[in-house]
Amino acid sequence: MIYDAIVLGVGGMGSSTVYHLARRGLRVLGLEQFNIGHSFGSSHGINRIIRLAYAEDPRYVPLLRRSYELWRELEFAAGERLLFITGSVDAGPPNGAIVQGSLASCKEHNLPHEVLNSTELHRRFPGYCYPKELMAVFQQDGGFVLSERAIFAYVAVAQSLGAAIHARERVRSWDVKRGSVIVQTDRETYRGKRLVVCAGPWASKIVRRLENARLATPERQVLIWTQPHHPERFQLGKFPVFNMEAVESGRLNRYYGLPIFGVPGFKLGKYHHRKQKVDPDRMNRECDATDEAVLRRAIRNYFPDADGPTMAMTTCLFTNSWDEHFVLDTHPEYPQVSVAAGFSGHGFKFASVVGEIMADFVEHGGCTRFDISLFRSTRLPTEKQ
Ligand SMILES: Cc1cc2nc3c(=O)[nH]c(=O)nc-3n(C[C@H](O)[C@H](O)[C@H](O)COP(=O)(O)OP(=O)(O)OC[C@H]3O[C@@H](n4cnc5c(N)ncnc54)[C@H](O)[C@@H]3O)c2cc1C
């Protein structure tokens, strides 16, 4: 049997890709090395922030609009609520990249928003205790997606549409022979007309050129959940998700966080936690006192009412590209092979639309109706590196 497409990796991006391919009536096989829904990759930890006032670049906004639509479509198909709207706060020094980037997206795409100083923000959302030099952009459409549940939902709906999904089956190698793709796992050999690589932190082990081009470098991250002294200030409906930067001892640090949901605690993480580049097969998955201290400092400084006992901590992985934009492209030597990688710690909210784009690549030979020029693997490094 020859599959129309084989999807390597059934995490955030892969589960959505399998769904979109199955929905188009294609014969699809999804291969996952661990369980469906595991905690060794990038998508666990209950939920992920979604925000429309996109500080990273206004060109993400059209993709985000489609992502919201597709998350709602998945909720309908799965009969389950997956997207929660809390509003979002993008905060930092007034001239910093987050505030200016968020405002640029709001202006370019006409997004309703409010600019608040730290006193106004605290009055409105008392969990926030920012110093007076920080400013915030509040945008009403931000919120979070239940990332773990979304993967289960995509897998279940894809299966009901006829997709084959095999967990606990690791892809060892792939090759292109006489126009079709041969995929060798630790159990079987499969043939497909197309291969879509959605391997998350393992991407550069599957497609070596990603590593050489610094498009998918895995990095260890840590999340913490703490019990607030005033839980009512961090409840759903009372606390918008946030993305913030602050100058601390001369360094610009960036944090993100979410209201209490699932784990009974306020959730916070630091972008590029301790700047640890790792091999995902050998990473230290334990959290230690240094990890906790890094995150505690931010909680104490900006959310003192949440500085209670630790409820949970977990490690996770970013997969960074050199410019922190995604990689959505076909392989330069093998047009049958396409890659979704390098999500650089901000990809999950887009998983719904990334699946649609990767299904477009399969159906239309690397083309899609979306403007994805920002994500081509051939984009050139700038002085930034
Ligand atoms: C701590 C943390 C917080 C984050 N917060 C946010 C946020 O708030 N908002 C947001 O939008 N994004 C956020 N992100 C980023 C987002 O979670 C990721 O961009 C997204 O989950 C990446 O999905 P993925 O499918 O690429 O990776 P994964 O979900 O890890 O999926 C890759 C899959 O491929 C499988 N695989 C790899 N190699 C093989 C092989 N050889 N054979 C078979 N299977 C294989 C893996 O086992 C894995 O299941 C965060 C990330 C982290 C780590």
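Preceding this paragraph is the structure being described.
These figures come from a predicted structure and were not determined experimentally.

Colleague: Is there a simple way to explain the packing of helix α2 (residues 61–78) against helix α5 (residues 147–160) in this structure?
Modeller: Between two packed helices, what matters for the description is the angle formed by their axes and the separation of those axes. Between α2 and α5, the shortest axis-to-axis distance is 10 Å and the interhelical angle comes to 65°. For the pair α2 and α5, the sense of crossing is left-handed. Residues L70, W71, L74, A77 and A78 of α2 form the contact with α5, whose own contacting residues are A150, A153, Y154 and V157. Classifying every residue of the contact of α2 with α5 by side-chain character gives nine nonpolar, no polar and no charged.

Colleague: Is there a simple way to think about empty space enclosed by the protein in this case?
Modeller: A water-sized probe, rolled over the atoms, reveals where empty space remains. Scanning all chains against the criterion turns up two cavities of 30 Å³ or more. Empty space within the largest cavity amounts to approximately 60 Å³. In terms of lining residues, the largest cavity is bounded by V207, R209, L210, V327, D329, T330, H331, P332, V339 and S377. For the lining of the largest cavity, the secondary structure elements donating two or more residues are α7 (208–212) and β19 (327–330). Here the lining of the largest cavity gets three residues from one element, more than from any other, and that element is β19. Looking at the lining of the largest cavity, its residues break down into five nonpolar, three polar and two charged. What lines the second largest cavity is simply R194, L195, T330, P335, Q336, V337, S338, F361 and V362. Among the secondary structure elements, those contributing two or more residues to the lining of the second largest cavity are β12 (189–197), β20 (337–341) and α9 (351–363).

Colleague: For this particular structure, what's the right way to read the side chain of S352?
Modeller: Mapped onto the elements of the fold, S352 is located in helix α9. Beyond its immediate chain neighbours, meaning those up to four positions away, S352 contacts S16, H20, S67, L70, W71 and Y154.

Colleague: Help me understand the pairing of strand β15 (residues 251–258) in this model?
Modeller: Most of β15 is tucked away, with six of its eight residues classed as buried. Relative to β15, strand β14 (residues 241–248) is paired through seven bridges, and the arrangement is antiparallel. Note on β15: the bridge partner recorded for E245 is R254. Between the antiparallel neighbours β14 and β15 lie two residues, among them S249 with a positive phi of about 45°. The pairing of β15 with strand β16 (residues 266–270) spans four bridges and is antiparallel. In the strand pairing of β16, L258 is matched with K267.

Colleague: How should the site of the ligand be read in this particular structure?
Modeller: Among the 35 residues in the neighbourhood of the ligand, the closest are listed as E32, H38, S43, C316 and K349. Bound to the protein, the ligand loses 97% of the 1,000 Å² it would expose on its own. Of all elements in the fold, only α1 (12–23), β3 (48–50) and β18 (310–320) reach the threshold of two or more residues within the shell around the ligand. Residues belonging to the shell around the ligand are distributed by class as follows: 18 nonpolar, 12 polar and five charged.

How each quantity is defined
- Residues numbered from 1 in each chain as written.
- Predicted model: local features only at pLDDT ≥ 70, side-chain atom pairs only at ≥ 80, totals over all residues.
- Heavy atoms only, no water.
- Axes fitted to C-alpha atoms, helices over the stretch in contact; angles between N-to-C directions.
- Helix = DSSP H or I, 4+ residues; strand = E, 2+ residues; numbered from the N terminus.
- Left-handed = near helix turned anticlockwise from the far one by under 90°.
- Contact = heavy atoms within 4.5 Å.
- Nonpolar A, V, L, I, M, F, W, Y, C, P; charged D, E, K, R; others polar.
- 1 Å grid on protein atoms, 1.4 Å probe; cavity = no way out; pocket = protein on both sides within 12 Å on 5 of 7 lines; lining within 4 Å.
- Points joined across faces, edges and corners; volume = space filled by probe spheres on them.
- Buried < 20%, exposed > 50% of the residue type's maximum accessible area, 1.4 Å probe, protein only.
- Pairing = 2+ DSSP bridges.
- Near = heavy atom within 4 Å.
- Areas by Shrake-Rupley, 256 points an atom, 1.4 Å probe, with all protein chains shown as cover.

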